[in-house]
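Next come the chains, spelled out residue by residue.
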Amino acid sequence: FSFCIFSRVMKEKGIEIAIDAIELINTEAGREKCKLDIYGRIDDGYNEEFAQVMKNASNAIQYKGMVPYDKSVDAIKDYYALLFPTFWDGEGFPGTIVDAFSAGLPVIASDWNCKKEIIDNTINGVLYPNEEIKSLKDAIEWLIYHSSEMSKMKKNCIISANKYQPDQYVKKIIEQVETSCEKPNV
């Protein structure tokens, strides 16, 4: 099972949590059951620490560098799921989730800063922690054990991606303006 991370590479984005989860799954399996490819710019203050993390990681963990923004969907479309275990305070609306959905790729994400407004648990991805899933490792294993649902989840990802396309926002803005123009001034 091939997973990816597609974000700025920094500790607060959960990079080490993701590496640890994949390594633990593989250790428990006694083989390379999962692999993780990491894409993105390494944060300036994390270069040395990340180099050390990668030095200690198994061959199942690979840093793949940066991808031009217009090639993101092509870069990630063949993975099983995108991991997004962020706990970064500055996290806003993550475009990486829309990229994943556009690629038909379910997202496994920490339930952090309104992710449940984007990810519908077990419909287009998996959120943790929640009542059933307490860790990233549990979430990855849940998605692996529910592989029969992946086709449906991938379709739901495409449907979800369409909600975040620019033309949908323009349509909502126009509707809002038209509605407010129709209301009489009181």
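See the structure printed just above.
Remember, predicted model here, so these are calculated numbers, not experimental data.

On to the environment of Tyr164, then. Tracing the backbone through its elements, the reader meets Tyr164 in the loop between helix 6 (150-163) and helix 7 (166-182). Along the primary structure Tyr164 and Val98 are separated by 66 residues, whereas in three dimensions their C-alpha atoms are 7.0 Å apart.

What follows covers the pattern of salt bridges. What the rule picks out here adds up to seven salt bridges. Here Glu49 ties to Lys11 by a salt bridge, and the two come within 3.1 Å at their closest N and O atoms. On the criterion of sequence distance, the pair formed by Glu49 in helix 2 (residues 47-56) and Lys11 in the loop between strand 1 (2-6) and helix 1 (15-29) is long-range, its members being 38 residues apart. Residue class for Lys11 comes out partly exposed when judged on its relative accessible area of 37%. The salt bridge involving Lys77 is made with Asp74; its shortest N-O contact spans 3.9 Å. Shared partners join several salt bridges into a network, and the residues in it are Lys11, Glu16 and Glu49.

Procedures and definitions
Residues numbered from 1 in each chain as written. Predicted model: local features only at pLDDT ≥ 70, side-chain atom pairs only at ≥ 80, totals over all residues. Heavy atoms only, no water. Helix = DSSP H or I, 4+ residues; strand = E, 2+ residues; numbered from the N terminus. Salt bridge = Lys/Arg side-chain N within 4 Å of Asp/Glu carboxyl O. Buried < 20%, exposed > 50% of the residue type's maximum accessible area, 1.4 Å probe, protein only.

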